[in-house]
Amino acid sequence: MSVQEIIAAVLMLLGFVFMLISALGLFRFPDFYSRLHSTGIGDTLGCTLIIAGMMVLTGLKLITVKILLIPLILFLTSPMATNLIMSAAIHKHDYENYKEMRLSKAIGDESESDEAEATDEAEADKSDAADSEGEKE
Amino acid sequence: MKTVLMALLIGLVAIVLTMLVFTCSRKDIYDKLNAIFAMNTNIVLLIMVVGFIDGRYDMYIDIALSYAILGFVTTVILAKYIGGHRR
C-alpha cells in the first residue's frame with residue numbers, strides 16, 4: 001500500500017465511523033426531532049469524509065471534480081428534505097401548540113389587541129360592579 | 001486497498017439493512033420518511049464503493065448522482081403528499 005492509499009483508507013474508515021454514529025443515533029434517540037438531528041451527521045461529515053477518501057484514491061484527474069459533485073448535491077438537498085419532513089411532522093403532531101400560535105400570528109396584532117382590550121374592559125366592569133356592591137354594603 | 005473497500009461495502013450494506021428494518025418496524029410515518037432519506041445517502045455512497053471495487057468508477061459516478069437527485073425528489077414529493085393540505 002502506498003501513502004496515498006493509506007490516507008484514503010483512513011479517511012474512508014473515519015467517514016464510515018460517522019455513518020455508523022448517525023445510524024446508531026437513528027435507532028437510539030428517544031424523540032422524533034432528535035432522530036432528525038442525528039441524520040444530519042451522516043449527511044455532512046460521514047459523506048464528506050468517504051468522498052474525500054475516494055478523491056485521494058483517484059488522484060489528480062478530471063473525474064475527481066466530478067466526484068466532488070456528489071457531496072455538493074447532498075449538501076444542497078439534505079437540509080431541504082429534512083426541513084420539509086420536519087415542517088410536515090410539526091403540522092401533523094401540532095408540536096408545542098404550533099398551529100394555534102401560527103394562526104394567531106397570521107390574523108395579525110390588531111384583532112388580538114382588540115380582544116385584549118375587550119377582556120380588560122370586561123374585567124374593569126366586573127371590578128367596578130364589585131366596588132359598587134361593596135359601597136352598597 | 002481492496003480489503004478496506006470490501007469492509008466498507010459490508011458495513012454500509014449492514015447499515016442499509018438495519019435502516020430498512022427500522023423503516024418497517026416503526027409506527028410513525030415521519031420516522032419512516034426520515035429513515036428512508038438517511039438510507040438514500042448511504043446507498044449513494046454504497047454505489048460509489050461498488051464502483052471503486054469494480055474499477056469503472058467513472059461510470060458509477062453518474063449513477064450515484066442521479067440516485068442522489070432522485071432520492072431527494074422522492075423525499076420532497078412524499079413529504080408534501082403525506083403532510084397534506086395546510087391551513
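Residues numbered from 1 in each chain as written. Chains lettered and ligands numbered in written order. Predicted model: local features only at pLDDT ≥ 70, side-chain atom pairs only at ≥ 80, totals over all residues. Heavy atoms only, no water.

## Focus: the packing of aromatic side chains
Our working rule: In summary, the pairing rule links any two rings of Phe, Tyr or Trp, Trp by its six-membered ring, whose centres are within 6.5 Å, and it sorts them by plane angle into stacked for under 30 degrees, edge-to-face for over 60 and tilted for everything else. Only DSSP runs of H or I covering at least 4 residues are called helices, and only runs of E covering at least 2 are called strands; the numbering of each starts at the N terminus. In this scheme, a residue with accessible area under 20% of its type's maximum is buried, one over 50% is exposed, and one in between is partly exposed, where area comes from a 1.4 Å probe on protein chains only.
Under the counting rule described, the total for this entry stands at four aromatic pairs over all chains. With a centroid separation of 5.1 Å and 70 degrees between ring planes, the pair formed by Phe27 of chain A and Phe22 of chain B is classed as edge-to-face. Here Phe27 of chain A is found in helix α1 (residues 3–28), whereas its partner Phe22 of chain B is found in helix α1 (residues 2–25) on a different chain. Under the relative-accessibility criterion, Phe27 of chain A is labelled partly exposed at 32%. The exposure class assigned to Phe22 of chain B is buried, which follows from its relative accessible area of 2%. Between Phe52 of chain B and Tyr57 of chain B the ring centres are 4.6 Å apart and the planes differ by 5 degrees, which places this aromatic pair in the stacked class. Exposure remark for Phe52 of chain B: the relative accessible area of 10% places this residue in the buried category. For Tyr57 of chain B, a relative accessible area of 16% translates into the label buried.

## Observations concerning the nonpolar core
Stated formally: To qualify as a nonpolar core, a set must consist of buried Ala, Val, Leu, Ile, Met, Phe, Trp, Tyr and Cys residues joined through side-chain atoms within 4.5 Å. Only heavy atoms matter for contacts: two residues are in contact if any of them lie within 4.5 Å across the pair.
By size, the foremost hydrophobic cluster in this structure holds 44 residues, and its most contacted members are Met54 and Ile70 of chain A together with Met48, Val49 and Phe52 of chain B. Among the secondary structure elements, those contributing two or more residues to this core are α1, α2 (32–58) and α3 (62–93) of chain A together with α1, α2 (29–54) and α3 (57–83) of chain B. Ranked by residue count, the leading element in this core is α2 of chain B, at 12 residues. In contact with Phe52 of chain B, not counting residues within four places along its chain, are Met54, Leu57, Thr58 and Ile67 of chain A together with Leu5 and Tyr57 of chain B. Counting 10 residues, the second largest nonpolar core, distinct from the first, contains Ile85, Ala88 and Ile90 of chain A together with Tyr30 of chain B.

## Considerations on the domain arrangement of chain A
All names here are of chain A. Put simply, the rule reads: Domain start and end points were adopted from an automatic or database domain assignment. Here's the idea: put two parts together, see how much 1.4 Å probe accessible area each one loses, and the total over both is what we call buried area. Identification of polar contacts relies on pairs of N or O atoms within 3.5 Å, with a donor-acceptor requirement for protein atoms, meaning one able to donate a hydrogen and the other able to accept it, and with residues adjacent in sequence counted only if both atoms are side-chain atoms. Just so you know the grouping, Ala, Val, Leu, Ile, Met, Phe, Trp, Tyr, Cys and Pro go in nonpolar, Asp, Glu, Lys and Arg go in charged, and all remaining residues, Gly too, go in polar.
Parsing chain A into structural domains produces domain 1 (1–92) and domain 2 (94–137). Summed over both partners, the interface of domain 1 with domain 2 comes to about 460 Å²; 61% of that surface belongs to carbon and sulfur atoms. Sorting the residues of domain 1 by area buried against domain 2 places Tyr33, Ile90 and His91 first, and these three jointly supply 90% of that buried surface. Along the contact surface separating domain 1 from domain 2 lie zero residue pairs in polar contact (both at pLDDT 80 or more). Looking at the side of domain 1 that touches domain 2 element by element, the count peaks at four residues for α3. Of the residues assigned to the side of domain 1 that touches domain 2, the class counts are three nonpolar, one polar and one charged.

## Thoughts on the packing of α1 of chain A against α1 of chain B
Cut-off, in case you're wondering: Here an axis means a line fitted to C-alpha atoms, over the contact stretch when the element is a helix, while the angle between two N-to-C directions is reported on a 0 to 180 degree scale. Comment on the angle field: the value is read as roughly parallel under 35 degrees, roughly antiparallel over 145, roughly perpendicular from 65 to 115, and oblique elsewhere. Crossing handedness is read from the near helix: turned anticlockwise from the far helix by less than a right angle, it gives a left-handed crossing, and turned clockwise, a right-handed one.
For the pair α1 of chain A and α1 of chain B, the least separation of the axes is 11 Å and the interaxial angle reads 10 degrees. Relative to α1 of chain B, the element α1 of chain A is oriented roughly parallel. Two packed elements cross with a definite hand, and for α1 of chain A against α1 of chain B that hand is left-handed. Only Val4, Leu5, Leu8, Gly11, Leu12, Ile15, Thr18, Met19 and Phe22 of chain B of α1 of chain B make contact with α1 of chain A, whose side of the interface consists of Ala9, Met12, Leu13, Phe16, Met19, Leu20, Ala23, Leu26 and Phe27 of chain A. When its residues are assigned to classes, the contact of α1 of chain A with α1 of chain B shows 16 nonpolar, two polar and no charged.

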